[in-house]
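Tertiary structure, described
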Number of protein chains: 2
Amino acid sequence: MNNIIKVGLLGCGTVGTGVLKVLSQNMDEITPRVGAKLVVSHVLVRNLDKKREYADAVKFTDNINDILEDPEIKIVIELLGGLHPAREYMIQAMQAGKNIVTANKDVVAQFGKDMFDTAEANNVDFMFEASVAGGIPIITPLKQCLTANKITEVIGIVNGTTNYMLTKMSEENASYDAVLKDAQEKGYAEADPTADVEGLDAARKTAILASIAFNNRVSLNKVSTEGITHITPQDIAYAKELGYTIKLLSIAREDEKGIDVRVHPALLPQNHPLAFVRNEFNAIFVRGNVVGDTMFYGKGAGQLPTASAVVADVIDVARDIVKNRYGRIRCTCYEHKKFCPIEKTTSSYYVRLLVDDQPGVLGAIAMAFGETGVSLSSVIQKRKVNKAAEIVAITHKVEEAKIRKAEELLNKLPAVDKICNVIRVQDTDEQEG
Amino acid sequence: MNNIIKVGLLGCGTVGTGVLKVLSQNMDEITPRVGAKLVVSHVLVRNLDKKREYADAVKFTDNINDILEDPEIKIVIELLGGLHPAREYMIQAMQAGKNIVTANKDVVAQFGKDMFDTAEANNVDFMFEASVAGGIPIITPLKQCLTANKITEVIGIVNGTTNYMLTKMSEENASYDAVLKDAQEKGYAEADPTADVEGLDAARKTAILASIAFNNRVSLNKVSTEGITHITPQDIAYAKELGYTIKLLSIAREDEKGIDVRVHPALLPQNHPLAFVRNEFNAIFVRGNVVGDTMFYGKGAGQLPTASAVVADVIDVARDIVKNRYGRIRCTCYEHKKFCPIEKTTSSYYVRLLVDDQPGVLGAIAMAFGETGVSLSSVIQKRKVNKAAEIVAITHKVEEAKIRKAEELLNKLPAVDKICNVIRVQDTDEQEG
């Protein structure tokens with residue numbers, strides 16, 4: 001194989017090192033698949049003195065121009081993370097005629113349109129499989145394999161940190177604080193876990209997935225986002241009793257009310273394919289009007305799974321370079337659909353509350369729900385907490401606005417001490433044939 | 001959209017009608033994705049008098065030349081099924097410069113090389129996503145999304161009929177004969193169920209998956225094949241007690257002993273991702289040396305799921321036609337690896353036998369296993385059957401040749417009435433990091 005395709009790499013942290021490792025260790029597999037040898041010629045780093053692995057033939061530089069101005073570099077892999085200067089470097093690289101492969105969900109979620117416009121103007125590819133769900137192929141399946149479908153629903157477990165935490169809470173009956181500490185010790189959660197536990201990381205991925213699934217740009221501010229910090233072992237135990245498991249879900253739906261995108265914890269029926277996704281694994285459930293229900297499962301983060309997606313994108317681009325073809329993968333957001341505001345979305349709800357332990361309270365509560373048009377599928381009195389009684393109610397499907405109204409009303413009832421938690425229930429609808 | 005791409009369809013049975021339905025009902029979704037309008041101009045059928053749905057503007061013909069000789073037809077969808085004349089028609093169509101999309105696992109498994117050679121010689125595409133696992137994207141993920149990996153294992157539930165039957169046997173404690181009848185009544189099993197229940201259908205899909213995963217042609221006769229006809233509710237019940245569920249698995253592995261391809265029922269740990277795949281659903285578990293474990297799940301058969309895969313392939317080809325690009329997807333079988341004969345494969349085994357109910361029998365049996373080098377992880381005496389005692393033994397991992405030897409020896413023991421069943425146990429190995 002005489003043909004060599006030169007690659008520039010921006011950033012050499014965990015994933016960057018993983019990319020160098022994969023290209024080196026699997027070279028014998030990859031070269032015939034491409035029809036050319038992939039060679040990382042330059043790596044942009046901040047610290048030139050640091051010793052690096054799998055990088056014998058690589059030139060390290062702290063000057064982006066060494067990569068931008070090298071006409072032999074056809075593909076630039078961006079693994080700097082964060083918005084800046086990642087966005088600017090990618091734009092400059094595309095303007096210099098280089099194809100981009102990135103794992104940067106921030107830039108894709110926030111500046112996706114800019115990226116694609118620049119790619120199109122310069123006839124290069126902009127690839128980002130690694131930005132959502134790490135090693136799991138999901139961007140290509142949505143853009144290429146499920147194109148016969150009108151996608152109606154994409155529901156994912158796309159944040160490994162929170163899924164690890166919820167799995168531990170569920171299986172080991174541990175508290176939120178204990179599992180967070182454990183996740184931090186194991187390296188699954190960062191010192192500041194906000195982006196994960198508040199759902200922000202999942203929200204970015206949801207924006208990306210929804211944009212592709214519905215052929216419509218979905219910006220981050222459209223994603224209604226709620227994290228898992230308020231989930232207690234008690235909620236998990238009650239959910240289990242009722243046949244559910246609690247997961248942080250990324251939800252993107254489209255129906256006649258518009259596009260509905262949100263991230264929040266939800267009670268998921270134990271027989272739902274996503275309910276089996278444990279620990280740091282991710283999975284994305286896709287419903288199409290032709291294929292029915294499908295699911296894509298694997299590791300959503302980590303050095304090698306993420307490198308797997310990055311290198312696959314590089315190979316995809318390189319195969320086209322070998323054949324002198326450019327700009328195959330285009331932006332697919334050509335629709336301008338309406339969005340469904342969160343108040344108009346419908347769901348069943350799990351409501352846990354503490355009430356005075358006295359006759360007639362259940363009735364008063366049911367009446368408060370009823371007054372706001374919320375119908376209950378079950379109300380169960382659970383344990384006593386000090387002098388109060390704990391009640392768990394599950395509602396039928398109802399508009400979000402009504403459940404908020406019901407909360408207000410309940411809060412005013414003298415017999416209600418506290419609404420401990422309100423969590424959505426993700427029902428398994430029957431799919432249409 | 002002025003651009004029109006004409007498509008010829010061979011066969012208008014269940015899936016063919018599904019393809020017409022999808023192209024008609026989802027046209028508003030599909031046209032902008034392609035950048036052109038897909039129009040099925042001709043359909044080859046045997047019976048011209050039959051009334052057809054979704055086919056107002058279609059010309060029906062019983063003459064293949066109407067399609068082969070129409071220069072405007074750029075894509076031919078083959079849904080005739082069976083080897084002949086499907087193979088010949090596809091070759092002729094490619095020679096006439098037409099791209100092929102097929103769901104025909106028989107032709108792909110048996111004449112894959114011919115097909116690809118012809119495609120390459122004529123600079124056209126040969127696409128076959130629908131030939132394995134219906135609507136589940138698996139060919140594209142293997143050929144495109146997981147290319148950074150050396151694939152070490154592909155394990156699938158790729159036959160919906162048998163998975164439906166085993167699920168019913170497991171969940172409803174029903175007999176093989178009863179669930180077969182039920183499956184036939186529901187249309188999941190054919191009047192002659194041989195191809196499904198004897199594993200032949202799964203074997204074809206295994207040959208195709210292995211060929212792609214290992215970049216090495218795997219012909220059908222390399223796939224060691226065993227069906228589910230000998231599985232009893234008793235085996236399923238014992239498996240469940242031991243923490244396993246019985247599934248018909250398609251297994252393709254590669255290690256230093258070579259490529260190992262087989263179809264057989266196996267005891268699968270209940271926490272394996274494939275164990276949750278119920279009824280007519282399919283799933284394919286792929287292990288790569290970079291990505292780790294991934295899984296692809298969905299409906300493996302049926303009119304619309306299969307049409308989803310067929311139409312996605314058509315869209316893929318059509319997108320290239322729009323850009324004047326031809327022959328993107330090539331044969332990827334360029335290796336010539338050795339195969340591991342079934343006798344050299346290793347597995348744990350579940351062995352159920354009836355023995356004389358007398359002291360010392362367990363010891364004699366353990367000794368017979370021991371003499372052939374088979375070490376047992378557990379031997380449990382179960383219920384009495386008439387005067388005999390039923391024993392269930394689970395072995396440690398051992399070469400297939402040794403378990404066959406042990407069977408011979410056990411059969412000669414006077415105390416052994418009968419070896420009721422020997423079923424492999426698919427252990428969940430720890431994956432390498």
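What you are looking at is a predicted structure, and each value in this text was computed from that prediction instead of being measured. (Residues numbered from 1 in each chain as written. Chains lettered and ligands numbered in written order. Predicted model: local features only at pLDDT ≥ 70, side-chain atom pairs only at ≥ 80, totals over all residues. Heavy atoms only, no water.)

All names here are of chain A. Summarizing the sequence annotation, UniProt attributes the feature "binding site: NADP(+)" (unreviewed entry) to L10, G11, C12, G13, T14, V15, G16 and T17 in the numbering used throughout. Relative to the assigned elements, T14 resides in helix α1 (residues 14–25). The class for T14 is exposed, based on a relative accessible area of 54%. The residue V15 is located in helix α1 in this model. Overall, the relative accessible area of 21% leaves V15 in the partly exposed class. (UniProt positions renumbered as here; feature names shortened; annotations may be inferred. Helix = DSSP H or I, 4+ residues; strand = E, 2+ residues; numbered from the N terminus. Buried < 20%, exposed > 50% of the residue type's maximum accessible area, 1.4 Å probe, protein only.)

Residues and elements named next belong to chain B. Taken in spatial order, the six strands of this open sheet run β3-β2-β1-β4-β5-β6, and their pairing is parallel. This sheet does not close on itself; its edge strands, each paired only once, are β3 (59–61) and β6 (126–127). Examined bridge by bridge, strand β5 (residues 99–102) and β6 share two bridges and lie parallel to one another. Directly across from I100, in β6, lies its bridge partner F126. Strand contacts of helix α1 (residues 14–25): β1 (4–10), β2 (37–44) and β4 (73–78), with the helix running at about 155° to β2, the strand carrying the most contacts. (Pairing = 2+ DSSP bridges. Contact = heavy atoms within 4.5 Å. Axes fitted to C-alpha atoms, helices over the stretch in contact; angles between N-to-C directions.)

Glancing now at the interface of chain B and chain A. When the parts come together, some accessible area is lost, and that loss is often what is quoted as the size of the interface. In this complex, chain B contributes 51 residues to the contact, which on the side of chain A involves 51 residues. Taking both sides of the interface into account, the surface hidden between chain B and chain A amounts to around 4,600 Å²; carbon and sulfur atoms contribute 51%. When the buried surface of chain B facing chain A is broken down by residue, B:R33, B:Y297 and B:R325 rank first, second and third, together holding 13% of it. If you look at where chain B meets chain A, you find two salt bridges. In this structure, A:E29 engages B:K150 in a salt bridge whose closest nitrogen and oxygen atoms are separated by 3.5 Å. (Buried area = accessible area lost by both parts, 1.4 Å probe. Salt bridge = Lys/Arg side-chain N within 4 Å of Asp/Glu carboxyl O.)

What follows covers the pairing of β1(B). All names here are of chain B. Counting buried positions along β1 gives five out of seven residues, so the element sits mostly inside the fold. Sheet topology places β1 next to β2; seven bridges connect them, and they run parallel. Opposite L10, over in β2, you have L44 as the bridge partner. Here β1 pairs with β4 via five bridges, running parallel. Paired with G8 across the strands is V76, a residue of β4.

Below, the discussion takes up the domain arrangement of chain A. Residue and element names in this part refer to chain A. On domain assignment, one finds that chain A holds domain 1 (4–134 + 303–322), domain 2 (139–298) and domain 3 (342–425). Placing the centre of domain 1 and that of domain 2 at their C-alpha centroids yields a distance of 28 Å. Opposite the 13 residues of domain 1 that make contact, domain 2 presents 15 residues. Summed over both sides, the interface between domain 1 and domain 2 buries roughly 1,200 Å², with carbon and sulfur atoms accounting for 66% of that surface. Three residues stand out in domain 1 for area buried against domain 2, namely K105, A109 and V132, and they jointly supply 41% of the buried area on that side. Here domain 1 and domain 2 share two salt bridges between them. When the shortest N-O distance is used, the salt bridge between R204 and D106 registers 3.4 Å. Classifying every residue of the side of domain 1 that touches domain 2 by side-chain character gives six nonpolar, three polar and four charged. (Domains from an automatic or database assignment. Nonpolar A, V, L, I, M, F, W, Y, C, P; charged D, E, K, R; others polar.)

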